[in-house]
Amino acid sequence: MVEITILRTKDRKRLTKRYIKTPDGEVSVSNFSMPTEYLWQVEDVGDIRRMYSIVRRLQGYQDACIIRGVPRTGLPEVATRTGQNFPEADEGTSWVMLDIDSVEAPEGMDTCSREAAEYIVSNLPPEFQDVSYVAQLSSSAGIRKDDGELLKSGIRLHLIFFLARPVQGKFLAAWLENFCYDTGFFRIGLDKGGHPMVNPGIDMALLKSSVQPHYTAAPIIQQGILCDVSGEDRIWLAEEASDVVELPQIDSGLEQVVADRRSSLRQEWALENGFIVEKRRVRTRNGTYSYHRVVPEQGSSEVRMGRELVRTELRADRHVLGLVLADERTPNSWYVTKRQPWLARRMGDEMEVPLEEFCPAAVERVKGLGWIEEIRSTTSDEEDVPHFCFKG
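Note that the coordinates shown come from a computational prediction; the quantities given were computed from them, not determined experimentally. (Residues numbered from 1 in each chain as written. Predicted model: local features only at pLDDT ≥ 70, side-chain atom pairs only at ≥ 80, totals over all residues. Heavy atoms only, no water.)

(A) Molecular detail of the overall build of the chain. The secondary structure content of the chain amounts to seven helices and 22 strands. For a compact globule of 392 residues, the expected C-alpha radius of gyration is about 21 Å, and the chain comes in at 22 Å, within 12% of that figure. C-alpha atoms of the chain, sized along the principal axes, occupy 65 × 50 × 45 Å. For the chain, the residues scored as buried account for 49% of the 392 residues in total. Working note: accessible area of the chain is about 18,400 Å², and carbon and sulfur atoms make up 45% of it. Taken as two groups, the 49 positive and 61 negative side-chain charges of the chain have centres that lie 7 Å from each other. (Helix = DSSP H or I, 4+ residues; strand = E, 2+ residues; numbered from the N terminus. Rg over C-alpha atoms; globule rule 2.2 N^0.38 Å. Buried < 20%, exposed > 50% of the residue type's maximum accessible area, 1.4 Å probe, protein only. Areas by Shrake-Rupley, 256 points an atom, 1.4 Å probe, with all protein chains shown as cover. Lys, Arg positive; Asp, Glu negative; His and termini not counted. Charge placed at Lys NZ, Arg CZ, Asp CG, Glu CD.)

(B) View of a negative patch on the surface. Taken together, the side chains of Asp110, Glu115, Glu118, Asp130 and Glu240 make up a negatively charged region of the molecular surface. Position of Asp110 among the secondary structure elements: in the loop between strand 7 (93-103) and helix 2 (114-122). (Patch = residues over 30% accessible without salt bridge, like charges linked within 9 Å, V, L, I, M, F, W, Y side chains within 5 Å. Salt bridge = Lys/Arg side-chain N within 4 Å of Asp/Glu carboxyl O.)

(C) Spatial organisation of the environment of Val78. By the secondary structure assignment, Val78 is in strand 6 (residues 78-80). Overall, Val78 belongs to the partly exposed group, its relative accessible area being 25%. Between the C-alpha atom of Val78 and that of Lys10, which follows or precedes it by 68 residues, the distance is 7.2 Å. If sequence neighbours within four positions are ignored, Val78 has contacts with Lys10, Glu37, Tyr38 and Leu39. (Contact = heavy atoms within 4.5 Å.)

(D) Seen up close, the packing of helix 3 (residues 169-183) against helix 5 (residues 254-272). In contact at an axis separation of 9 Å, helix 3 and helix 5 are set at 40° when each is read in the N-to-C sense. In this view, helix 3 runs oblique relative to helix 5, as classed from their interaxial angle. Considering the relative orientation of helix 3 and helix 5, their crossing is left-handed. Residue-level contacts link Lys170, Phe171, Ala174, Trp175, Glu177, Asn178, Tyr181 and Asp182 of helix 3 to Leu254, Glu255, Val258, Arg261, Arg262 and Leu265 of helix 5. (Axes fitted to C-alpha atoms, helices over the stretch in contact; angles between N-to-C directions. Parallel < 35°, antiparallel > 145°, perpendicular 65-115°, else oblique. Left-handed = near helix turned anticlockwise from the far one by under 90°.)

(E) The arrangement of the sheet that holds strand 12 (residues 214-215) in detail. Strand order in the open sheet made by the five strands is 6-4-1-5-12, with antiparallel pairing throughout. Strands at the two margins of the open sheet, each flanked by one partner only, are strand 6 and strand 12. (Pairing = 2+ DSSP bridges.)

(F) Representation of the confidence of the model for the chain within the structure. Chain-level statistics for the chain give a pLDDT mean of 91 and a share of 94% at 70 or above. A low-confidence stretch, residues 299-304 (pLDDT under 50), is modelled with nine contacts involving residues beyond four sequence positions or located in other chains. (pLDDT = per-residue confidence, 0-100.)

(G) View of the packing of aromatic side chains. All chains considered together, the criterion is met by eight aromatic pairs. With a centroid separation of 4.9 Å and an interplanar angle of 85°, the aromatic rings of Phe128 and Phe161 are classed as edge-to-face. Here Phe128 is found in the loop between helix 2 and strand 8 (133-137), whereas its partner Phe161 is found in strand 9 (residues 155-167), with 33 residues between them in sequence. Comparing Phe128 with Phe161 shows no difference in burial state: the two are buried. The interplanar angle of 40° and the centroid separation of 5.5 Å between the aromatic rings of Tyr133 and Phe161 together place this pair among those described as tilted. With Tyr133 in strand 8 and Phe161 in strand 9, this residue pair connects regions lying 28 residues apart in the sequence. (Phe/Tyr/Trp six-rings, centres within 6.5 Å; stacked < 30°, edge-to-face > 60°.)

(H) Geometry of the nonpolar core. Counting residues in each nonpolar core, the largest one holds 44 residues, and the members touching the most others are Leu98, Phe128, Leu159, Phe161, Leu172, Leu176 and Ile202. Of all the secondary structure elements, the ones that give two or more residues to this core are strand 7, helix 2, strand 8, strand 9, helix 3, strand 14 (235-238) and helix 5. Sort the elements by how many residues they give to this core and helix 3 lands first, with seven residues. (Core = buried A, V, L, I, M, F, W, Y, C linked by side-chain atoms within 4.5 Å.)

(I) Inspection of helix 5 at higher detail. Its 19 residues give helix 5 an end-to-end C-alpha distance of 27 Å, which sits within 8% of 27 Å, the value for a rise of 1.5 Å per residue. Turning to helix 5, its buried residues number three or more, namely Leu254, Val258, Ala259, Arg262, Ser263, Arg266, Trp269 and Ala270. One or two residues past the end of helix 5 sits Gly274, with phi positive at roughly 85°. (Expected span 1.5 Å × (residues − 1).)

Here it is in structure tokens:
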């Protein structure tokens with residue numbers, strides 16, 4: 001039996017974006033804040049056609065989403081969305097939603113078309129070829145500014161596949177990411193804070209967390225805003241020769257292999273684009289560790305580093321420090337742990353970046369908590385200490 005967990009916000013708050021026109025006529029996105037408590041239910045999906053029927057129905061529920069996790073035994077009907085309450089099944093999950101965000105389309109291709117979905121599928125591993133899937137366009141797909149330009153470029157959609165056997169999300173994510181690097185289905189560039197980041201063609205956040213929301217609701221679009229897609233055209237079922245993906249056995253050690261590849265790609269790109277790589281040493285209450293950070297070459301005026309910190313929020317019994325940043329869409333999406341206070345970690349895909357690179361102001365806050373005692377560059381004659389390889 002294949003099941004999915006459906007969440008609905010307790011207070012019926014929306015889980016979809018609203019697109020409105022500002023007084024000056026610009027198209028603006030009204031995001032939503034993640035609620036704390038949810039009503040949950042489990043549905044038997046049976047096969048890909050039943051999944052299509054359910055997700056199509058959920059388009060009409062602004063307060064609903066689905067997750068990979070399953071409710072723990074004895075969970076109350078209203079619960080917080082945590083990994084403890086909704087862990088992934090020990091054997092894994094028999095379906096997967098792949099999140100595709102802003103992948104460049106070939107010239108002349110309609111980014112909201114079935115042809116665009118087929119183009120994305122052609123970039124997936126051979127095991128996904130000729131397999132039926134559900135395609136659902138993301139909320140921003142097809143929305144245009146008043147001048148006719150797309151509000152957001154690139155192909156933006158979700159692809160749902162059934163698997164022949166259940167697989168843990170973290171192993172599937174490693175296998176898919178490794179394939180992206182093998183085939184060049186990734187891009188590297190600077191994020192909002194000026195940090196070099198490696199972005200696979202598939203967003204792995206949906207796979208790496210059992211409670212990462214898989215958004216299914218259609219967007220709310222104010223009348224008068226141009227959009228290429230009607231509600232009925234946002235989702236479709238592509239039927240192929242097979243209904244399930246036959247995955248190979250995935251080595252549990254692949255996660256570290258992929259982390260090392262990502263780190264190498266990031267450092268290589270940084271060295272070619274105005275950065276240098278420094279070896280750093282950090283002393284904490286738990287020991288001394290080394291890691292590498294990338295920083296602009298001295299005298300470079302083209303590279304800006306660091307996100308602006310608005311405030312921090314201690315949580316999880318003072319073992320986690322949430323970072324509220326000036327330029328983020330989802331508050332507290334980045335955080336620092338007391339156990340590894342020299343890195344910033346992103347919710348969902350658990351991507352990691354040296355905290356010094358990510359937000360220098362947060363380093364001072366962490367030092368003030370006593371989580372970091374010293375952080376500095378290493379010298380060639382210093383004794384080796386455990387080296388930390390970042391996941392980001």
